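# Fold and contact review
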Amino acid sequence: MSEAVKKLTKKDLFNMFVRSNFQQASFNYERIHALGFCFDMIPAIKKFYKTDEERRLALKRHLAFFNTTPAVCGPVVGVTAAMEEARSDGEAIDDGAINSLKVGLMGPLAGVGDPLIWGTLRPITAALGASFALNGSIFGPLLFFISFNLVRLALKWYGLTYGYRAGMGIVKDMASNALTKLTEGASILGLFVMGVLVTKWTKINVPVVISQTTNQAGVKSTMTVQGILDQLCPGLLALGLTLLMMYLLKKKASPILLIFALFGVGILGYWLGILK
Amino acid sequence: MEIHLYQVILIFIFACIAGMGSVLDEFQTHRPLIACTIIGLILGDIQTGIILGGTLELIALGWMNIGAAQSPDSALASIISAILVIVGHQNIQAGIAIALPVAAAGQVLTVFARTITVFFQHAADRAAEKLNFKLLDFLHLSALVVQALRVAIPALLVTVFMNAGSVQHLLNSIPAVVTGGLNVAGGFIVAVGYAMVLNMMGAKYLMPFFFLGFILASYLNFSLLSFGAIGLIVAFIYTQLNPKYQEPKQVATAAGSSAPLADDMLED
């Protein structure tokens, strides 16, 4: 049988791309994306293997634990398809090689995907969208929806086709500098914007009066805690609170618990008149 | 306001989509900015939906599911709070007060749903044994129904049983000190989300860029878009000038030899 017959067509790849948009449909605590990965691979398995035994083994191979950032699952699916293709052509690739490649790629890809997607792309597009939405503009939700999904879909499609084309060469690419550079660049952008948001969009006001003075002209001036803090640096309390939350989250406090704790602080502070 | 039957149906359908979106995390239909806007559209008050969506989006900015860790649930929170605010003619602050407890409840529900889907995973093992491709596809996609219903059923109940009077009655029964406190807390609860993002980035040595953004924005009154552009330029300059990226050739070969798997395969 010639290789050309077994090659995935653009249609097959598109089918796998559509499927990869349902990567987390059967998300479960036992094997996370296991079934999702198998679901992505089905068009390839059908194409490459014709006997029942081969197909059964291939399906089982891809029902193993898998987990990565969903937006960057494309390259792994692509490269795995390339390996299955080589295997079906008689190359000596055993189950272990395929599985260890998947496991070997999912970690580093999540290492790129999480800061890139959840740490940079989504917070930034969402914050931009929200800044328009707060004035009631429909442009806000549209901006968020379109820009986020354009990037995400492009990553899925190009990731998949690139992984399939590159095959095992992807391991070399993954180890290259380009990926670290991208992750680091995205992290810098994400962190910078987070710094902006902390001071711009957190509202804490401590209107406690420290002193009241009346100058010779009879103009009363009031000095509040907030006024002093703002003189030091606006947003100082927001920064302190964020750093405290980071510390507590690292100590394994649950986010929802912290949210309710801050609720408690808000109610208590309002009742005592020290927060407004 | 009166809710028509077609609106109940549309809310149910959208709640299903948002529920599925909350586990898929692809198109972001579960995010407040999208979900509140759509509920607003269905109930004929898109303006309120958008503003509530923007407000909740900021609070939920850092709510994300990394690995198997679960964050508060934005799908249920957005939908229920948008319905109650619009139907009950409440202000946006009341929406925040409603959304947060619902987000906690939704988190419990989604953990429950993701445990149930272990059953689908096991059924898939058996389907693979029998070589039933159709069943595999079906099992994978039908697991979404669990997630759809965990949002759609509570949303349906709220839509059917709540009216302007009962919402007002419910919210009026909350003492003023609590609503005032929630209002205040709504201003700084965002810090939890920011902290989640910052911790996830896990690059301590890049934290100066966070403080740079903080200091610049504390004193400069630029738009968010221009700060984004500045951040992009800073990131670009840093990676351009970093000596780490100056000799790509040398590093690439070193990395290649540490991956023997790659070398084996490249021979063919």
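Computed from a prediction, not measured in an experiment: that's the story for all the values here.

Looking only at helices and strands, chain A has 12 helices and two strands in total. The order of helices and strands in chain A, counted from the N terminus, is α-α-α-α-α-α-α-α-α-β-β-α-α-α. Over its C-alpha trace chain A gives a radius of gyration of 26 Å, far above what one expects of a compact globule, namely 19 Å for 276 residues. In terms of overall dimensions, chain A has a C-alpha envelope of 100 × 35 × 35 Å along the principal axes. The burial tally for chain A puts 55% of its 276 residues in the buried class. The contacts in chain A between residues at least 6 apart in sequence include a share of 66% that link residues at least 24 apart.

So, on to the overall build of chain B. Scanning chain B from N- to C-terminus turns up 14 helices and zero strands. Overall, chain B shows an N-to-C arrangement of helices and strands of α-α-α-α-α-α-α-α-α-α-α-α-α-α. For 268 residues, the compact-globule estimate of 2.2 N^0.38 gives 18 Å, and the C-alpha radius of gyration of chain B, at 24 Å, exceeds that figure by more than 25%. For chain B, the spread of C-alpha atoms along the three principal axes comes to 70 × 65 × 30 Å.

Our next topic: the packing of aromatic side chains. The geometry of an aromatic ring pair comes down to the distance between the two centres and the angle between the two planes. Throughout the structure, instances matching the rule amount to 13 aromatic pairs over all chains. With a centroid separation of 5.3 Å and 85 degrees between ring planes, the pair formed by Phe209 of chain B and Tyr238 of chain B is classed as edge-to-face. You can see Phe209 of chain B sitting in helix α11 (residues 207-219) and its partner Tyr238 of chain B sitting in helix α12 (residues 224-241), a full 29 residues away along the chain. Ring centres 5.5 Å apart and planes at 35 degrees place the aromatic pair Phe222 of chain B and Phe227 of chain B in the tilted group. For Phe222 of chain B, a relative accessible area of 37% gives the class partly exposed. One aromatic cluster is present, built from ring pairs that chain together Phe14, Phe17 and Trp157 of chain A. Sitting over the face of the ring of Phe39 of chain A, Arg19 of chain A holds its NZ or CZ atom 4.5 Å from the ring centroid. One residue, Arg152 of chain A, lies across the ring of Phe27 of chain B, its end atom 4.3 Å from the ring centre.

For the rest of this paragraph, the subject is the UniProt feature "transmembrane region" (unreviewed entry) in chain A. Residue and element names in this part refer to chain A. Feature annotation in UniProt assigns "transmembrane region" (unreviewed entry) to the following positions: residues 132-155, 228-249 and 256-274. Structurally, residues 228-249 comprises 86% helix and 0% strand, and the distance from its first C-alpha atom to its last is 29 Å. Secondary structure over residues 256-274 splits into 89% helix and 0% strand, and the C-alpha atoms at its two ends are 24 Å apart.

Further remarks concern helix α6 (residues 95-133) of chain A. The largest bend along α6 of chain A reaches roughly 30 degrees and is located at Gly113 of chain A, with the proline Pro115 of chain A sitting one to four residues downstream. With 29 of its 39 residues buried, α6 of chain A lies for the most part within the structure.

A separate point is the UniProt feature "transmembrane region" (unreviewed entry) in chain B. Taking the UniProt record as the reference, the feature "transmembrane region" (unreviewed entry) is found at residues 5-24, 30-63, 75-92, 98-120, 141-162, 174-197 and 209-238 of chain B. Regarding residues 5-24 of chain B, the helix share stands at 100% and the strand share at 0%, and the terminal C-alpha atoms are separated by 29 Å.

Before going further, it helps to spend a moment on the environment of Leu76 of chain B. All names here are of chain B. Relative to the helices and strands, Leu76 is located in helix α4 (residues 74-87). Given a relative accessible area of 4%, Leu76 falls into the buried group. Separated by 28 residues in sequence, Leu76 and Ala104 have C-alpha atoms that sit 9.5 Å apart. For Leu76, the contacting residues outside a window of four places in its chain are Val102, Gly106, Leu109, Arg150, Val151 and Pro154.

Between two packed helices, what matters for the description is the angle formed by their axes and the separation of those axes. Here helix α12 (residues 255-272) of chain A crosses helix α9 (residues 176-188) of chain B at 120 degrees, and the two axes come no closer than 7 Å. Taken together, the axes of α12 of chain A and α9 of chain B lie oblique to each other. As α12 of chain A packs across α9 of chain B, the resulting crossing turns out to be right-handed. On α9 of chain B, the residues that touch Leu262, Phe263, Val265, Gly266, Ile267, Tyr270 and Trp271 of chain A of α12 of chain A are Ala176, Val177, Val178, Gly180, Gly181, Leu182, Val184, Ala185 and Phe188 of chain B.

Turning next to the interface of chain A and chain B. The accessible area lost on association of the parts is a frequent measure of interface size. Each partner contributes to the interface: chain A provides 116 residues, whereas chain B provides 118 residues. Taken as a group, Tyr29, Leu191 and Phe192 of chain A account for 8% of the area that chain A buries against chain B, more than any other trio of residues on that side. Seen at the junction of chain A and chain B, the total is seven salt bridges. Measuring nitrogen to oxygen at the nearest pair gives 2.5 Å for the salt bridge that ties Glu26 of chain B to Arg152 of chain A. If you look at where chain A meets chain B, you find 31 residue pairs in polar contact (both at pLDDT 80 or more). Among the elements that make up the side of chain A that touches chain B, the one with the highest residue count is helix α9 (residues 177-201) of chain A (21 residues). Considered class by class, the residues forming the side of chain A that touches chain B number 68 nonpolar, 28 polar and 20 charged.

Residues and elements named next belong to chain B. Taken over all residues, the pLDDT of chain B has a mean of 89, while the share at 70 or more is 91%. Mean pLDDT values for the elements of chain B range from 45 in helix α14 (residues 260-266) up to 98 in helix α2 (residues 32-43). For residues 251-268, every residue scores under 50 in pLDDT, and the model assigns this stretch 14 contacts once sequence neighbours within four places are set aside.

All names here are of chain A. Sheet analysis places strand β1 (residues 209-214) next to strand β2 (residues 220-224), joined by five bridges and oriented antiparallel. Looking across to β2, one finds that Ser211 is bridged to Met223. Hairpin remark: β1 followed by β2, antiparallel, with five residues in the connecting loop; positive phi at Gly218, about 85 degrees.

Here is what the cut-offs are and how they apply
- Residues numbered from 1 in each chain as written.
- Chains lettered and ligands numbered in written order.
- Predicted model: local features only at pLDDT ≥ 70, side-chain atom pairs only at ≥ 80, totals over all residues.
- Heavy atoms only, no water.
- Helix = DSSP H or I, 4+ residues; strand = E, 2+ residues; numbered from the N terminus.
- Rg over C-alpha atoms; globule rule 2.2 N^0.38 Å.
- Buried < 20%, exposed > 50% of the residue type's maximum accessible area, 1.4 Å probe, protein only.
- Contact = heavy atoms within 4.5 Å.
- Phe/Tyr/Trp six-rings, centres within 6.5 Å; stacked < 30°, edge-to-face > 60°.
- Lys NZ or Arg CZ within 6 Å of the ring centre and 35° of its normal.
- UniProt positions renumbered as here; feature names shortened; annotations may be inferred.
- Bend = angle between axes of the 7 residues up to and from the residue.
- Axes fitted to C-alpha atoms, helices over the stretch in contact; angles between N-to-C directions.
- Parallel < 35°, antiparallel > 145°, perpendicular 65-115°, else oblique.
- Left-handed = near helix turned anticlockwise from the far one by under 90°.
- Buried area = accessible area lost by both parts, 1.4 Å probe.
- Salt bridge = Lys/Arg side-chain N within 4 Å of Asp/Glu carboxyl O.
- Polar contact = N/O pair within 3.5 Å; in protein donor to acceptor, adjacent residues only side chain to side chain.
- Nonpolar A, V, L, I, M, F, W, Y, C, P; charged D, E, K, R; others polar.
- pLDDT = per-residue confidence, 0-100.
- Pairing = 2+ DSSP bridges.

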